[in-house]
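Observations on the model geometry
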Amino acid sequence: MREVHHYVSGATSRGRTTRFADVYNPNTGEVSGRVNLAGRDDVIAAIEDAARAFPAWADTPPPRRAHVMFRFRELIRANLDELAHMLASEHGKVIADAKGELQRGLDLVEFACGIPHLLKGEYSENVAAALDVYSMRQPLGVVAGITPFNFPAMVPMWMFVIAIACGNTFVLKPSEKDPSVPQRLAELMLEAGLPKGVFNVVNGDKEAVDAILTHPLVQAVSFVGSTDIARYVYSVGSAHGKRVQAMGGAKNHMIIMPDADLDQVADALIGAGYGSAGERCMAISVAVPVGAETADALRERLTPRVQALRVGLSTSSDADFGPMISRAHLEKVKGYVERGIQEGAELVVDGRKLQIPSYEDGFFMGGCLFDRVTAKMRIYQEEIFGPVLSIVRVDNFDAALKLPSEHAYGNGVSIFTRDGDTAREFTRRVNVGMVGVNVPIPVPVAFHSFGGWKNSAFGDTNQHGAEGVRFFTKVKTVTARWPTGIRKGADFFMPTLK
Ligand code: NAD
């Protein structure tokens, strides 16, 4: 049986603990391998190794660091099929979706290839007599990433690609549910020319996370996962003096105005609501049609589409989406559907009984559609993270704007309309971090930055783009005067611009 350990100093490193977690093939429900859960000593060894690698890597000129990224890009492209299959077999997303995730990760690598430009500082000449001021961005040291199961390639790449390009050394603690792809990415980075110890991977659970959050050599922690853990990581990491950004869960709404093209809306909702079995932090889980007519027409279009969703093996090229990550998560999502019925929502399509012949033990579930969900229901308030879409009917634009604005989560939101004024008003006023206009999953491109508001993110810096570079560097400002410009005599007063 496949056993995943850690990756430290450019080689596989056996854990010192005897604690393991099972890794599943979600198609069959069988255990496909196991992953070692690092103890504190394993984590400390990885951090100390990264600290030893830091001075030389920080001194490596940014264009040389970019060369590693150029080669890494080519290696991912050459190994795309292998990586996508590995990802699909542990996560359960279908191959085409896995390739899409890897492509979004590649976008990050391409962004990081421009790191010499991104690290350029500012220069002000002659701000006072013979005085020049300039600033530069320098790496922090050892930084860490803690990532969720649902994007085992893209989310780690949001972090380690930017951090390493900026000159930091990196310790990644990926999800223990699908650990193989992050490990493979670390191997490919080494093959691309990254020196040993610059990128270490430790697998594990809370014990490993706590060791990272409390270790004095770790300068910054980037986290993505569920809200309760994000809040915990933010508070413990900050209390230990670290720079922390912690992205949490979501409940993303799509507002459908009466003038929207409902065929386009239905396409968008089917893809954004059910793609990857709804296990995306930017999935749309709430549809908000404005006006009864819009709601009835939308429901009429959605119902047959949800009934016809093709659920299948993650390796099948015919499937729209595959199984969920685990039996526990499958049961949790089904529990939410039961709760919705009890709360009085109308279950229009029930996918709970779906079974794939010969794969009865796989973690599969069909699409579910609820109508007449209200803001008071728990199925509206909480993140379900499964193939369940809720329709919340409202009478007018103001009521539609209020829903996502007042929701506890504030990751993404989208509006479908043909009216520019309505779209502009919505994008300006809505209290949510990422907004789509006729775009159902507004995940910003690599050179912009990603981040939600409210309970969807703790800390004040987003992932990737210029914000990512800011998070993984610190500014040094130099004020310089050369001997010919220095006046004679001591100056006892606060220096001013003279
Ligand atoms: P999770 O919070 O269970 O796990 C995330 C990471 O935290 C993992 O590495 C895990 O090992 C670790 N962890 C788990 N329990 C812990 C504990 N008690 N103490 C310390 N560390 C712990 O999340 P998940 O189920 O892997 O991922 C799904 C969640 O991630 C969803 O809520 C989803 O919305 C969210 N997510 C958010 C974004 C975003 O950018 N906002 C992106 C992707 C996923």
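Residues numbered from 1 in each chain as written. Predicted model: local features only at pLDDT ≥ 70, side-chain atom pairs only at ≥ 80, totals over all residues. Heavy atoms only, no water.

**Quick word on the packing of aromatic side chains**
- The full count for this structure, using the stated rule, is 11 aromatic pairs.
- Where Y123 meets Y134, the ring centres are 5.7 Å apart and the plane angle is 10°; that geometry is what we call stacked. With a gap of 11 residues between them, Y123 in strand 6 (residues 123–128) and Y134 in strand 7 (residues 131–139) connect regions that are remote in the sequence.
- Taking relative accessible area as the criterion, Y123 reaches 52% and is therefore assigned exposed.
- Here Y134 falls in the partly exposed class, since its relative accessible area comes to 29%.
- Centroid distance F149 to F385: 6.0 Å. Interplanar angle 85°. Geometry classified as edge-to-face. Remark: F385 occurs in the loop between helix 13 (378–381) and strand 17 (388–391) and F149 occurs in the loop between strand 8 (142–146) and helix 6 (154–165); sequence separation between them is 236 residues. The pair formed by F149 and F385 is uniform in burial state, with each residue classed as buried. (Phe/Tyr/Trp six-rings, centres within 6.5 Å; stacked < 30°, edge-to-face > 60°. Helix = DSSP H or I, 4+ residues; strand = E, 2+ residues; numbered from the N terminus. Buried < 20%, exposed > 50% of the residue type's maximum accessible area, 1.4 Å probe, protein only.)

**Thoughts on a nonpolar patch on the surface**
- A contiguous nonpolar surface patch, about 300 Å² in accessible area, is contributed by M1, Y24 and V31.
- Among the structural elements, Y24 can be located in strand 4 (residues 20–25). (Patch = residues over 30% accessible without salt bridge, like charges linked within 9 Å, V, L, I, M, F, W, Y side chains within 5 Å. Areas by Shrake-Rupley, 256 points an atom, 1.4 Å probe, with all protein chains shown as cover. Salt bridge = Lys/Arg side-chain N within 4 Å of Asp/Glu carboxyl O.)

**Thoughts on the site of the ligand**
- As a matter of local geometry, the ligand sits amid 27 residues, with T147, K173, E176, S226 and E383 nearest to it.
- Here T147 contributes a backbone N or O atom positioned 2.8 Å from an oxygen atom of the ligand.
- In the environment of the ligand, a nitrogen atom lies 2.8 Å from a nitrogen or oxygen atom belonging to the backbone of G248.
- Here the ligand, which alone exposes 850 Å², has 88% of that area covered by the protein.
- Its atoms largely coinciding with the cavity grid, the ligand occupies the largest pocket.
- Secondary structure elements with two or more residues in the shell around the ligand: helix 8 (206–214) and strand 11 (218–224). (Near = heavy atom within 4 Å. Polar contact = N/O pair within 3.5 Å; in protein donor to acceptor, adjacent residues only side chain to side chain. 1 Å grid on protein atoms, 1.4 Å probe; cavity = no way out; pocket = protein on both sides within 12 Å on 5 of 7 lines; lining within 4 Å. Sits in = over half its atoms within 2 Å of the grid points.)

**Focus: the pairing of strand 11**
- In terms of burial, strand 11 is a largely internal element, six of the seven residues being buried.
- Bridge analysis of strand 8 against strand 11 gives five bridges, and the strand direction is parallel. When the sheet's bridge partners are listed, V143 is paired in strand 11 with A220.
- Bridging between strand 11 and strand 12 (residues 243–247) involves five bridges; their strand directions are parallel. Residue pairing in the sheet places V224 in a bridge with M247 of strand 12.
- Considered for its hand, the β-α-β crossover made up of strand 11, helix 9 (residues 227–239) and strand 12 is right-handed. (Pairing = 2+ DSSP bridges. Right-handed = clockwise from strand over helix to strand, strands pointing away.)

**Observations concerning the side chain of S175**
- Relative to the helices and strands, S175 resides in the loop between strand 9 (169–173) and helix 7 (180–191).
- Accessibility expressed as a relative area gives 6% for S175, which makes it buried.
- In terms of polar contacts, S175 uses its side chain to reach the backbone amide nitrogen of K177, at 3.1 Å.
- When residues no more than four places from it in sequence are discounted, the contact partners of S175 are T147, P148 and F149. (Contact = heavy atoms within 4.5 Å.)

**Regarding the domain arrangement of the protein**
- When the domains of the protein are assigned, the result is domain 1 (2–248 + 456–478) and domain 2 (252–437).
- Relative to domain 2, the C-alpha centre of domain 1 lies at a distance of 31 Å.
- Taken together, the contacts link 21 residues of domain 1 with 24 residues of domain 2.
- Contact between domain 1 and domain 2 buries roughly 1800 Å² in total, counting both sides, with carbon and sulfur atoms accounting for 59%.
- Taken as a group, N27, V94 and S456 account for 31% of the area that domain 1 buries against domain 2, more than any other trio of residues on that side.
- Counting across the interface, domain 1 meets domain 2 through one salt bridge.
- Two residues, D97 and R280, come together in a salt bridge whose shortest N-O distance is 3.0 Å.
- Elements represented by at least two residues in the side of domain 1 that touches domain 2 include exactly helix 3 (80–91) and helix 4 (95–112). (Domains from an automatic or database assignment. Buried area = accessible area lost by both parts, 1.4 Å probe.)

**Some words on unusual backbone geometry**
- For N126, which is not glycine, the phi dihedral falls at a positive 55°.
- Considering the arrangement of structural elements, one finds N126 in strand 6.
- What makes N126 partly exposed here is its relative accessible area of 47%.
- Positive phi values are uncommon outside glycine, yet H464 reaches one of about 45°.
- Tracing the backbone through its elements, the reader meets H464 in the loop between strand 22 (457–458) and helix 16 (465–471).
- With a relative accessible area of 1%, H464 lands in the buried category.

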